[in-house]
Amino acid sequence: QVQLVESGGGLVQPGGSLRLSCAASGSIFSINAMGWYRQAPGKERELVATITSGYSTNYADSVKGRFTISRDNAKKAVYLQMNSLKPEDTAVYYCNADLTLTRWDIGRKSDYWGQGTQVTVSS
């Protein structure tokens, strides 16, 4: 089956850096947009960053200048480099990918999510 597997989360001190990785596995016809979302305690899930198949990126205002999203199509992976981390960045981070599993699914929305990885920014 198709799944997204995340790694790289953990505990980091304020001002530190962390790099999240997420790789897709399984039979996939093509990978469209990919992105990262996060959900802090008591809050709704919010978009952090997205990257299109054409490598166009978009970031939430709160992370602009600090986070960088990238992708590696050969590895079917998306990454999130997080620098200058702040306590308010603490959340469960989820990777997301719009996947086309077969040629017959072209044009159909197929969102897949990772299991989530905890990022805690604290001293």
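Q: I keep staring at the state of the cysteines and nothing clicks. Help me out?
A: By definition, a disulfide links the sulfur atoms of two cysteine residues through a covalent bond. All chains considered together, the criterion is met by one disulfide. Covalently, Cys22 is tied to Cys95 through a disulfide, its sulfur atoms 1.9 Å apart. Pair noted here: Cys22 is in strand S3 (residues 18-25) and Cys95 is in strand S9 (residues 91-100), with a separation of 73 residues, a long-range link. A relative accessible area of 2% means that Cys22 is categorised as buried.

Q: Mind showing me how you'd approach the packing of aromatic side chains here?
A: Given two aromatic rings, one states the distance between the centres and the angle between the planes to describe the pair. A complete count under the given rule lists one aromatic pair for this structure. One residue, Arg45, lies across the ring of Trp113, its end atom 4.7 Å from the ring centre.

Q: Sorry, what's going on with the environment of Glu88 here?
A: Here Glu88 lies in the loop between strand S8 (77-82) and S9. A C-alpha to C-alpha distance of 7.6 Å links Glu88 and Val121, two positions 33 residues apart in sequence.

Q: What's the story with the pattern of salt bridges in this structure? I'm lost.
A: Between side chains of opposite charge, a pair can form as their charged atoms come close. Scanning all chains against the criterion turns up six salt bridges. In this structure, the salt-bridge partner of Arg38 is Asp89, at a minimum N-O distance of 3.0 Å. Of this pair, Arg38 sits in strand S4 (residues 30-39) while Asp89 sits in the loop between S8 and S9, and the two are 51 residues apart along the sequence. Residues joined by salt bridges that share partners form a network here, namely Arg38, Glu46, Arg66 and Asp89.

Q: Explain the pairing of S8 here, please?
A: Every regular strand shows the same layout, with side chains that alternate between the two sheet faces. With respect to burial, S8 is a largely interior element, five of its six residues being buried. In the sheet, S3 pairs with S8 via six bridges, with the strands oriented antiparallel. In the strand pairing of S8, Leu20 is matched with Leu80. In the sheet, strand S7 (residues 67-72) pairs with S8 via six bridges, with the strands oriented antiparallel.

Q: I tried to follow the pairing of strand S1 (residues 3-7) on my own but got confused; where do I start?
A: Side-chain alternation along S1 places Leu4 and Glu6 on a buried face and Gln3, Val5 and Ser7 on a face that remains uncovered. In this structure, S1 lies alongside S3, joined through five bridges in antiparallel fashion. Bridge pairing in S3 places Gln3 opposite Ser25.

Q: It is not clear to me how the side chain of Ser110 should be interpreted in this structure. Could you clarify?
A: Its location among the elements puts Ser110 in the loop between S9 and strand S10 (111-113). Residue classification places Ser110 among the buried positions, given a relative accessible area of 14%. For Ser110, the contacting residues outside a window of four places in its chain are Ala97, Asp98 and Leu99.

The rules behind each value
Counting starts from 1 at the beginning of each chain's written sequence and moves along it residue by residue. Local features in this predicted model are restricted to residues whose pLDDT is 70 or higher, and side-chain atom pairs enter the listing and the counts only when it is 80 or higher, whereas totals over whole chains, interfaces and linings include all residues. To get the side-chain values, take all heavy atoms of the structure and skip hydrogens and water. Disulfide: a pair of cysteine sulfur atoms within 2.5 Å of each other. Per the convention used, a helix needs a DSSP run of H or I reaching at least four residues, while a strand needs a run of E reaching at least two, with both numbered from the N terminus. Each residue's exposure class comes from its accessible area (1.4 Å probe, protein chains only) as a fraction of the maximum for that residue type: buried when under 20%, exposed when over 50%, partly exposed otherwise. Stacked, tilted and edge-to-face pairs are distinguished by plane angle, under 30 degrees for stacked and over 60 for edge-to-face with tilted covering the rest, among Phe, Tyr and Trp rings (Trp via its six-membered ring) whose centres lie within 6.5 Å. Lysine and arginine charges are scored as sitting over a ring when NZ or CZ, respectively, is within 6 Å of the ring centre and within 35 degrees of the ring normal. Salt bridge, as used here, is a side-chain nitrogen of Lys or Arg placed within 4 Å of a carboxyl oxygen of Asp or Glu. Here, strands pair whenever DSSP counts at least two bridges between them. Throughout, a contact is declared for two residues whenever any of their heavy atoms are within 4.5 Å.

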